[in-house]
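# Results of the structural survey
The lines below spell out each chain.
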Amino acid sequence: MSGWLVGIPSDKHGAAGACGDEESVFCLPRIFAKQVSEGVGVVGAQQVQRVVGGVPWLGHVIGLVRDPLAFLSSLRAGPAVVRLQLAGRPVYVVNTAEAAHRVLVSPVFDKGGPFMDTARVLVGNGVITCSNADHRRQQPVMRPAFHRDQVARYAPVMGDCVEQAVGGWREGALLDVEACMYGLAAQVVARTLIAAPAGRKAAGVMAEALPVLLEGMFRQMLVPWPLLHRLPLPANRRFRQAQARLEQAVSHVITQYRTSEAPGDDVLSLVMAAADEEGRPLDDTEVRDQLLSVLAAGVETTASLLAWTLHALADYPEVEGRLWDELDRELAGSAPALADIERLPYTRQVLTEVLRLWPPTWMLSRITLEETVLAGFTVPAGADVIISPYALHRDTAVFPDPERLDPDRWRPERVTAAQRQAFTAFGGGRRKCLGEHYGMTETLLALATISSRWQLRKATAAPLRPLPRFLLTPKAGPLVATRRTPVAHGRRADGEQQR
């Protein structure tokens, strides 16, 4: 669902640096050896080691605030499960793909923990954040709205939104790519998911408010002290004001749909017309939670993936060149349609590899419903458990040279079972993202359109860096738009060969 990256030794990708003279959280082999000798952190038959370096009251919050990506990545040098302290709250961090898979698929683990608890501040008890018990009722209501047949009906609208968004670009223009992609994603949500006039306003409010909301939610996640976040501080006031604007816009949407002014064929119409297994429709609170879930996921994650991809292509011209070759060969300058997507495997590989390197949801959390053994370690009932897709996606045993953008990792003949298990950008198990097909369809159509017509180049030497807020967003300078002309030979969308 920023700007705090200071002081921790890391490379340009945010990976932990080598051990120095001082003992720190990044010198984990030494620290874990010390923990074993001290005999701390015994939870069951096996010991869950506590990472040292915390301070009174805050625990390990300082390390997470300074550079959370480096901090969590560094923990992988230790055992499969370790324990942190976040402002008095013990948290278990999972460091292997096998253990993470178990957490995501086992009914012993439910939605909860610091990430999910904070997400509920924004989206309530919607399908993304609800408990497993509530999910059994909510998923059948939401699933038809994201069925492949429904997405096929949205695809032409998605294409129209992309055409309108890039139609205003001009040769040599300096583009704030993040703002452009937020605007595009908001338009798509407003025309497919919440298509009534009030829905368009709500999508725009969400796009404007999300940066402030995500920054505030990041603070609340790391320091879960409600009284602190109610103080009349400027950051707290900005958060409350943004949340109030969004709540007001959502309330207007629900009122409009309840008074029979709904379009009838968008996601929210389908949700409001649906009933659960007992024939009970959603009440206004449940509709509000689903609406906010759709807005947050539909705007932020899609916009973030597209922004990351466009910035990455500016840094990797050889990848961009191969992307152009595929688009020129298969589209020959025509606008992409849903039927073209299956002929664009490299385009899909580029997006998948960007998701591996910079997953928007860089942290997932769960809570244990009962005591369980995870990777040989006993984890108590009611424990908060954290998974970092960002860290797991950098396992050198699964992804060699993990900091390199290599779309060929995802060629069908190269994909391994270990890769599929370690790749957690969309979650996993029964709670895997319902909107995966919707989001990938939108981003494929958008990337194919943009890269067919434009080359985006860095305007400054500012490096591309991950900015961990509640979700992971890119921090980079503007890009310069240069119009490009596709090569003359290729296939049009109808499959006819051009000469």
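### A closer look at the overall build of the protein chain
In terms of helices and strands, the protein chain carries 18 helices and 15 strands. Buried positions account for 56% of the 499 residues belonging to the protein chain. Put simply, the protein chain shows about 20,200 Å² of open surface, and 55% of that area lies on carbon and sulfur atoms.

### Some thoughts on the confidence of the model for the protein chain
For the protein chain, per-residue confidence averages 85 on the pLDDT scale, and 88% of positions sit at 70 or higher. This model gives residues 1-44 a pLDDT under 50, and the stretch forms 104 contacts once residues within four places in sequence are excluded.

### Regarding the pattern of salt bridges
Per the stated rule, a full pass over the model turns up 25 salt bridges. For the salt bridge of D289 with R288, the shortest nitrogen-to-oxygen distance reads 2.8 Å. An identical accessibility class is assigned to D289 and R288; each is buried. Two residues, D406 and R404, come together in a salt bridge whose shortest N-O distance is 3.4 Å. According to the relative accessible area criterion, D406 is buried, its value standing at 8%. Under the relative-accessibility criterion, R404 is labelled partly exposed at 38%. Here the residues in one salt-bridge network are R89, D117, R120 and D384, joined through shared partners.

### Notes on the pairing of strand β11 (residues 465-468)
One ladder, built from four bridges, connects β11 with strand β12 (residues 472-475); its direction is antiparallel. Of the residues in β12, the one forming a bridge with L467 is T473. Following β11, the chain reverses through three residues before pairing antiparallel with β12.

### Details of the nonpolar core
General note: in soluble globular proteins, nonpolar side chains tend to be found buried as a group. Among the nonpolar cores identified, the biggest contains 132 residues, and M181 and I194 are the most heavily contacted of them. Per-element tally for this core: the top contributor is helix α13 (residues 284-315), with 16 residues. Once residues within four sequence positions are removed from consideration, I194 is found in contact with V189, G199, R200, V253, Y257, D266, L268, L291, V294 and L295. Membership of the second largest hydrophobic core comes to 19 residues, among which are V103, L364, F377 and V379.

### Quick word on unusual backbone geometry
A positive phi angle, close to 50°, is found at A87, a residue other than glycine. For A87, a relative accessible area of 10% gives the class buried. Even without glycine at this site, A332 takes up a positive phi of about 50°. One can find A332 in the loop between α14 (317-331) and α15 (345-357).

### Structural notes on helix α8 (residues 177-193)
With 17 residues, α8 extends 23 Å between its outermost C-alpha atoms, agreeing within 8% with the 24 Å of an ideal straight helix rising 1.5 Å per residue. Most of α8 sits out of view: twelve of its 17 residues are buried. Every buried residue of α8 is accounted for by V177, E178, M181, Y182, L184, A185, A186, V188, V189, A190, T192 and L193.

### Concerning the sheet that holds strand β13 (residues 479-483)
The strand order across the open sheet formed by three strands is β5-β13-β10, and the pairing between neighbours is antiparallel. Pairing within the sheet leaves two strands with one partner each, and these edge strands are β5 (174-175) and β10 (454-458). Bridge analysis of β10 against β13 gives five bridges, and the strand direction is antiparallel. Across the sheet, residue K458 finds its bridge partner in β13, namely L479.

### Side note on the pairing of β13
Sheet analysis places β5 next to β13, joined by two bridges and oriented antiparallel. When the sheet's bridge partners are listed, L175 is paired in β13 with L479.

### What to know about the packing of aromatic side chains
Summed over all chains, the structure comprises nine aromatic pairs. Seen from their ring centres, W308 and W358 are 4.7 Å apart, and the 5° between their planes marks the pair as stacked. Taken as a pair, W308 in helix α13 and W358 in the loop between α15 and β6 (364-368) lie far apart in primary sequence, 50 residues in all. Residue class for W308 comes out buried when judged on its relative accessible area of 0%. In textbook terms, an aromatic cluster arises when at least three aromatic residues are bridged by ring pairs, as seen for F399, W410, F423 and F426. Above the face of the F399 ring, R356 is positioned so that its terminal group lies 5.2 Å from the ring centre. Here the guanidinium or amino end of R394 rests over the ring plane of Y390, the centre of that ring lying 3.7 Å away.

### Re the sheet that holds strand β2 (residues 81-86)
Read from one edge of the open sheet, six strands run β1-β2-β3-β9-β6-β4, paired in mixed fashion. Across the chains shown, the open sheet's two edge strands, defined by having one partner strand only, are β1 (49-50) and β4 (109-111). Note: strand β3 (residues 89-94) against strand β9 (residues 384-387), four bridges, orientation parallel. Of the residues in β9, the one forming a bridge with V94 is I387. Strand contacts of helix α4 (residues 97-105): β3, β4, β6 and β9, with the helix running at about 125° to β9, the strand carrying the most contacts. Across the sheet, helix α5 (residues 113-123) touches β3, β4, β6 and β9, and the angle it forms with β6 is around 105°.

### Focus: α14
Its 15 residues place the ends of α14 20 Å apart at the C-alpha level, agreeing with the 21 Å of an ideal helix rising 1.5 Å per residue. Along α14, the residues classified as buried are V319, E320, L323, W324, E326, L327, D328, E330 and L331. Positive phi shows up at A332, right after α14, with a value of about 50°.

### Things to note about the environment of L405
Tracing the backbone through its elements, the reader meets L405 in the loop between α16 (389-392) and α17 (417-422). Classification of L405 by relative accessible area gives buried; the value is 3%. In this structure, the C-alpha to C-alpha distance between L405 and E353, residues 52 residues apart in sequence, is 6.6 Å. Those residues in contact with L405 that sit more than four places away from it in its chain are A312, Y316, V319, E353, V354 and L357.

Rules used in this analysis
- Residues numbered from 1 in each chain as written.
- Predicted model: local features only at pLDDT ≥ 70, side-chain atom pairs only at ≥ 80, totals over all residues.
- Heavy atoms only, no water.
- Helix = DSSP H or I, 4+ residues; strand = E, 2+ residues; numbered from the N terminus.
- Buried < 20%, exposed > 50% of the residue type's maximum accessible area, 1.4 Å probe, protein only.
- Areas by Shrake-Rupley, 256 points an atom, 1.4 Å probe, with all protein chains shown as cover.
- pLDDT = per-residue confidence, 0-100.
- Contact = heavy atoms within 4.5 Å.
- Salt bridge = Lys/Arg side-chain N within 4 Å of Asp/Glu carboxyl O.
- Pairing = 2+ DSSP bridges.
- Core = buried A, V, L, I, M, F, W, Y, C linked by side-chain atoms within 4.5 Å.
- Expected span 1.5 Å × (residues − 1).
- Phe/Tyr/Trp six-rings, centres within 6.5 Å; stacked < 30°, edge-to-face > 60°.
- Lys NZ or Arg CZ within 6 Å of the ring centre and 35° of its normal.
- Axes fitted to C-alpha atoms, helices over the stretch in contact; angles between N-to-C directions.

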